Amino acid sequence: MASHIVGYPRMGPKRELKFALESFWDGKSSAEDLQTVAADLRSSIWKQMADAGIKYIPSNTFSYYDQVLDTTTMLGAVPPRYNWNGVEIGFDTYFSMARGNASVPAMEMTKWFDTNYHYIVPELGPEVKFSYASHKAVNEYKEAKALGVDTVPVFVGPVSYLLLSKPAKGVEKTFDLLSLLDKILPIYKEVIAELKEAGATWIQFDEATLVKDLEAYQLEVFTKAYTDLESACSGLNVLVATYFADVPADAFKVLTTLPGVTGYTFDLVRGEKTLDLIKTSFPSGKYLFAGVVDGRNIWANDLAGSLSVLESLEAIVGKDKLVVSTSSSLQHTAVDLVNETKLDDEIKSWLAFAAQKVVEVGALAKALAGQKDEAFFAANAAAQASRKCSPRVTNEAVQKAAAALRGSDHRRATNVSARLDAQQKKLNLPILPTTTIGSFPQTIELRRVRREYKAKKISEEEYVKAIKEEIFKVVQLQEELDIDVLVHGEPERNDMVEYFGEQLSGFAFTANGWVQSYGSRCVKPPIIYGDVSRPKAMTVFWSTMAQEMTKRPMKGMLTGPVTILNWSFVRNDQPRFETCYQIALAIKDEVEDLEKAGITVIQIDEAALREGLPLRKAEHAFYLDWAVHSFRITNVGVQDTTQIHTHMCYSNFNDIIHSIINMDADVITIENSRSDEKLLSVFREGVKYGAGIGPGVYDIHSPRIPSMEEIHDRINKMLAVLETNILWVNPDCGLKTRKYAEVKPALENMVAAAKKLRAAL
Ligand code: GLN
Ligand code: ZN
């Protein structure tokens, strides 16, 4: 019985690639140094898979930045502004496209399907001259072969590549990206020919766009592409990989009748209908790569369960045609559990990171072949059982409370206009009130204080004193700037999700559970393993301390349930909405405690609400329904006079505007400064609805200091659409990554612009 891995994390168990990249970018190490680190990582991954007995081991899943950018590079599709000279693409051009250089900004980045990974979007137009400009895939195949490992080179499939691209500037509305198929296939063929010559016997094309909502004309292009590639691929086994969901029935039909294809990978974890499709219509004689080991999560596989699924599949496709695989690339999970020193043994026994998942795949394949490692399976069964009945996982009171939520609406009794009136009587704010989104610059000194407190190098007293001083500085600065609604600056927080997770029950934290977000950037999501509850108040101490320092309203600052959920590794033993409702109840208690402590404005950030949107449109409504419901639960219990803000850091709202309004917040602050036009419709809806709206008036992602005139103009433009009484003036997002030297003058200009407009109104 054979085994296969769709793809593997590149970053290294301790983010070795990140550090090598950043040191190279800073000019502190050479290109060879970087290449050495990369080659070591690749060889250790190949060796690890070979040791686990994996038969189909991927190559070309390594990347210095991003696999889509690697494909752009292979195809020589460099946008002209990077002045590439037309020979093999090296680090200079590659990293310029990825990160920009002194004279040209980077290419656009966007989310990879519904993951937290971001890829570099190819920009294609009728002018692009494709050429075979990077031999990376062939080189990596040869490199593995020299190490004694015969690999399956992996490519972003040609159709998915085009579907994931965007039309170049100037032809945005008119250009048909799929019309480029005939121009890119010759390059793919050149690569295929070289791979064959180097001895490759399998090749993998990732065509995960097949799980999305595709139109018939788009599906036809798959048939066209693989028909065209067929003869070039003769003598090679072609594997087409899909992941992240089931392939819809019409696409499944197209996929399974593609000419020249030997096998398919399917996601059996997220793909709820995959099993049925296979049972009813898997083509005979083809290989089924069954993705039973989850590539998107950190849980140990239920090996006994997987084994029985695999046995049932074996009966359908035949013993020699079934291959055990992962549901997707392991790129989206953490790298190696071995480096986790903080987690206790019980929790560790429930987990499997990429390295452990490889072993699981190998063990399942062996078991199917009649060589079951009984001890390994027994240990796994024991861990599964302990997870099921552990008191650390189940909290009956929480389960009951969350179950009771369903079916009710949880909406504040008074409508938003009436609430805003009641709030205004209490708050007495000027028109165009000014505020900020929460965090103030995080200095090195501040990080040191937090680190030393965590490491117990300084006492609680010393820590509180240091943070208090910081809050005082931030409050004073805001008073000097004459901002209307203040924040405490979040100096006690390292991360907006981790801070809450650490204080809630049911969360665990890893030391090295990093997942690549983009380029060298990684995130370390908390693990939600149990029912979530709040043992005690989390923010009241700091918020009331800050409120006592000023007569102006001090915003309480919380992270919303949907964002906490979407930025964590979540339980796979209950639906996502269940976990979200539990978090919502914990945040609700916090909101009410803040209100009791005299905090009259409370911001509940939902930075990641949009990120959780499912891949397929048919599933959007259900997600948005429980996500928005969860948000409302957090603040349904407050008085009319308590003002609830929410903040979201993206501006792509058009398709979810009704859900945003359905959150029923009093004030919504949103990112805006990079996309004025798109937001217009949101503004209009906002006017109808009556809530306060604070579209960011300047971009905090850049060190640039906006002038007073510029901000003034921007607010003026908004006023053309919005009524004065609902418009708030604030930056795009939190200021934590900026320096005081940027923040002070920028906020000064922002307040001055608001005042000038007030005077003129
Ligand atoms: N309150 C958070 C901050 O200001 C919000 C961050 C975010 O939206 N990503 O940092
Ligand atoms: Zn934000």
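Everything numeric here is computed off the predicted structure, so don't read it as measured data. (Residues numbered from 1 in each chain as written. Chains lettered and ligands numbered in written order. Predicted model: local features only at pLDDT ≥ 70, side-chain atom pairs only at ≥ 80, totals over all residues. Heavy atoms only, no water.)

Chemist: Any chance you could explain the overall build of the protein here in plain terms?
Modeler: A tally of helices and strands in the protein yields 27 helices and 21 strands. The globule rule puts the C-alpha radius of gyration for 761 residues at 27 Å, and the 27 Å found for the protein is close to it. Viewed in the frame of its principal axes, the protein has a C-alpha envelope of about 75 × 60 × 50 Å. For the protein, the proportion of its 761 residues judged to be buried stands at 61%. A separation of at least 24 residues holds for 79% of the contacts in the protein among residues at least 6 apart in sequence. (Helix = DSSP H or I, 4+ residues; strand = E, 2+ residues; numbered from the N terminus. Rg over C-alpha atoms; globule rule 2.2 N^0.38 Å. Buried < 20%, exposed > 50% of the residue type's maximum accessible area, 1.4 Å probe, protein only. Contact = heavy atoms within 4.5 Å.)

Chemist: Just checking my understanding: could you explain the packing of helix 3 (residues 67-74) against helix 4 (residues 91-99) for this structure?
Modeler: For the pair helix 3 and helix 4, interaxial distance at closest approach is 11 Å and the crossing angle is 135 degrees. As judged from the angle between their axes, helix 3 and helix 4 are oblique. Along this stretch, helix 3 crosses helix 4, giving a crossing that reads as right-handed. Seen from helix 3, the contacting residues are L69, D70 and T73; seen from helix 4, they are Y94, M97 and A98. Looking at the contact of helix 3 with helix 4, its residues break down into four nonpolar, one polar and one charged. (Axes fitted to C-alpha atoms, helices over the stretch in contact; angles between N-to-C directions. Parallel < 35°, antiparallel > 145°, perpendicular 65-115°, else oblique. Left-handed = near helix turned anticlockwise from the far one by under 90°. Nonpolar A, V, L, I, M, F, W, Y, C, P; charged D, E, K, R; others polar.)

Chemist: Mind showing me how you'd approach the coordination of the zinc ion (ligand 2) here?
Modeler: Octahedral metals with six donors have ideal donor angles of 90 or 180 degrees. Tetrahedral metals with four donors have an ideal donor angle of 109.5 degrees. Bound to the zinc ion (ligand 2) are the protein donor atoms H647 (NE2), C649 (SG) and C733 (SG), situated 2.0 to 2.4 Å from the metal. Around the zinc ion (ligand 2), the four donor atoms are arranged such that angles at the metal cover 77 to 122 degrees; this shape is classified as irregular. Ordering the donors of the zinc ion (ligand 2) by residue number gives the pattern H-x1-C-x83-C. (Donors = N, O, S within 2.8 Å, 3.2 Å for Na, K, Ca; no water. Tetrahedral: all angles 85-135°; square planar, octahedral: opposite > 155°, others 65-115°.)

Chemist: Would you mind showing me how to read the packing of helix 1 (residues 16-25) against helix 4 here?
Modeler: When two helices pack together, their arrangement is given by the angle between their axes and by how far apart the axes lie. One can describe the packing of helix 1 onto helix 4 by two numbers: an axis separation of 13 Å at closest approach and a directional angle of 105 degrees. When the axes of helix 1 and helix 4 are compared, the pair comes out roughly perpendicular. Across the interface between the two elements, L21, F24 and W25 from helix 1 touch F91, F95 and R99 from helix 4.

Chemist: Could you clarify how one ought to interpret the site of ligand 1 in this entry?
Modeler: The environment of ligand 1 is formed by I437, G438, S439, E490, M496, M557, D605, A607, H647, C649, C733 and G734. A distance of 3.2 Å is found between a nitrogen atom of ligand 1 and a backbone nitrogen or oxygen belonging to I437. Taking D605, its side chain carries an N or O atom lying 2.7 Å from a nitrogen atom of ligand 1. Out of a free accessible area of 290 Å², ligand 1 has 89% covered by protein chains. Among the residues making up the shell around ligand 1, the classes are represented as six nonpolar, four polar and two charged. (Near = heavy atom within 4 Å. Polar contact = N/O pair within 3.5 Å; in protein donor to acceptor, adjacent residues only side chain to side chain. Areas by Shrake-Rupley, 256 points an atom, 1.4 Å probe, with all protein chains shown as cover.)

Chemist: Could you clarify how one ought to interpret the pattern of salt bridges in this entry?
Modeler: Pairing between side chains of opposite charge can happen when their charged atoms approach one another. Taken as a whole and assessed by the stated rule, the structure comprises 44 salt bridges. R448 is paired through a salt bridge with E452; the nearest N and O atoms lie 2.8 Å apart. On the criterion of helical spacing, the pair formed by R448 and E452 is a turn pair, its members being four residues apart in helix 17 (residues 444-454). Judged by its relative accessible area of 30%, R448 is partly exposed. Salt bridges sharing partners connect three or more residues here, namely R42, D70, K136, E140 and E143. (Salt bridge = Lys/Arg side-chain N within 4 Å of Asp/Glu carboxyl O.)

Chemist: Whenever I open this one, the pairing of strand 10 (residues 263-267) confuses me. Can you help?
Modeler: Note on strand geometry: in a regular strand, side chains alternate between the two faces of the sheet. Counting buried positions over the five residues of strand 10 gives five, a clear majority of the element. With three bridges connecting them, strand 9 (residues 237-241) and strand 10 associate as parallel partners. Among the inter-strand pairings, A241 is bridged to a residue of strand 10, identified as T265. Regarding topology, helix 9 (residues 249-255) serves as the crossover connection from strand 9 to the parallel strand 10, and that connection is right-handed. (Pairing = 2+ DSSP bridges. Right-handed = clockwise from strand over helix to strand, strands pointing away.)

Chemist: Would you take a moment to explain a negative patch on the surface for this structure?
Modeler: On the surface, D213, E215, E272 and E619 cluster together into a negatively charged patch. Examined against the element boundaries, E215 turns out to sit in the loop between strand 8 (202-206) and helix 8 (216-229). (Patch = residues over 30% accessible without salt bridge, like charges linked within 9 Å, V, L, I, M, F, W, Y side chains within 5 Å. Lys, Arg positive; Asp, Glu negative; His and termini not counted. Charge placed at Lys NZ, Arg CZ, Asp CG, Glu CD.)

Chemist: Would you mind showing me how to read the confidence of the model for the protein here?
Modeler: As a general rule, the predicted coordinates of low-pLDDT regions are not to be interpreted in detail. Across the protein, the average pLDDT comes to 95, with 98% of residues at 70 or higher. Reported for the predicted complex are a pTM of 0.95 and an ipTM of 0.99. (pLDDT = per-residue confidence, 0-100.)

Chemist: In this structure, what is going on with the packing of aromatic side chains? I would like to understand it.
Modeler: What characterises a pair of aromatic rings is the spacing of the ring centres plus the angle enclosed by the ring planes. One pass over the full model with this rule turns up 33 aromatic pairs. Each ring, one from W25 and one from F95, has its centre 5.5 Å from the other, and the planes form 80 degrees; the classification is edge-to-face. With W25 in helix 1 and F95 in helix 4, this residue pair connects regions lying 70 residues apart in the sequence. Summarising the aromatic geometry, the rings of W202 and F289 are spaced 5.6 Å apart at their centres and angled 70 degrees between planes, so their arrangement reads as edge-to-face. One end of the pair, W202, is in strand 8; the other, F289, is in strand 11 (residues 287-293), with 87 residues separating them in the sequence. Take W202 and F289: they sit in the same class, and that class is buried. (Phe/Tyr/Trp six-rings, centres within 6.5 Å; stacked < 30°, edge-to-face > 60°.)

Chemist: Is there a simple way to explain the sheet that holds strand 19 (residues 643-648) in this structure?
Modeler: Paired through backbone hydrogen bonds, the strands of a sheet run either parallel or antiparallel to each other. Across the sheet, which stays open at both edges, the five strands sit in the order 17-18-19-20-21 with parallel pairing between neighbours. Edge positions in the sheet fall to strand 17 (555-559) and strand 21 (692-695), since each has one partner strand and no second. Put simply, the sheet's adjacent strands are angled 20 degrees from each other on average, direction ignored. Pairing analysis gives four bridges linking strand 19 to strand 20 (residues 667-670), with the strands arranged parallel. Among the inter-strand pairings, H645 is bridged to a residue of strand 20, identified as V667.

Chemist: Looking at this structure, how should I read empty space enclosed by the protein?
Modeler: If you roll a probe as big as a water molecule over the atoms, it shows you where there is empty space left. Inspection of the entire model under this criterion finds seven cavities of 30 Å³ or more. Taken as a whole, the largest cavity spans an internal volume of roughly 260 Å³. Taken together, 23 residues form the lining of the largest cavity, with N60, Q67, V154, F155 and V156 sitting closest to its centre. Every element with two or more residues in the lining of the largest cavity is listed here: helix 3, helix 5 (136-146) and strand 6 (151-156). No other element matches the four residues that helix 3 contributes to the lining of the largest cavity. Residue composition of the lining of the largest cavity, grouped by class: 10 nonpolar, nine polar and four charged. (1 Å grid on protein atoms, 1.4 Å probe; cavity = no way out; pocket = protein on both sides within 12 Å on 5 of 7 lines; lining within 4 Å. Points joined across faces, edges and corners; volume = space filled by probe spheres on them.)

Chemist: Would you mind going over the pairing of strand 21 with me for this structure?
Modeler: Residues G692 and G694 of strand 21 are buried on one face, and the alternating residues I693 and P695, pointing to the opposite face, are buried as well. The pairing of strand 20 with strand 21 spans four bridges and is classified as parallel. Note that in strand 21 the partner of I668 across the bridge is I693.

Chemist: How should I be thinking about the sheet that holds strand 9 in this particular structure?
Modeler: Read across the open sheet, the eight strands follow the order 1-12-11-10-9-8-6-2; overall the sheet is parallel. Edge strands, defined here as strands with exactly one partner in the open sheet, are strand 1 (2-3) and strand 2 (57-59). Note that strand 6 and strand 8 share three bridges and pair parallel. For F155, the partnering residue across the bridge sits in strand 8 and is F205. Packing of helix 2 (residues 31-51) onto the sheet brings it into contact with strand 2 and strand 6, and relative to strand 2 it is tilted by some 165 degrees.

Chemist: Before we go on, may I ask you to explain the state of the cysteines in this structure?
Modeler: In a disulfide, the sulfur atoms of two cysteines are held together by a covalent bond. The full count for this structure, using the stated rule, is zero disulfides. For C580, which is in no disulfide, the shortest distance to another cysteine sulfur is to C649 and amounts to 17 Å. You can call C649 partly exposed: its relative accessible area is 26%. (Disulfide = S-S within 2.5 Å.)

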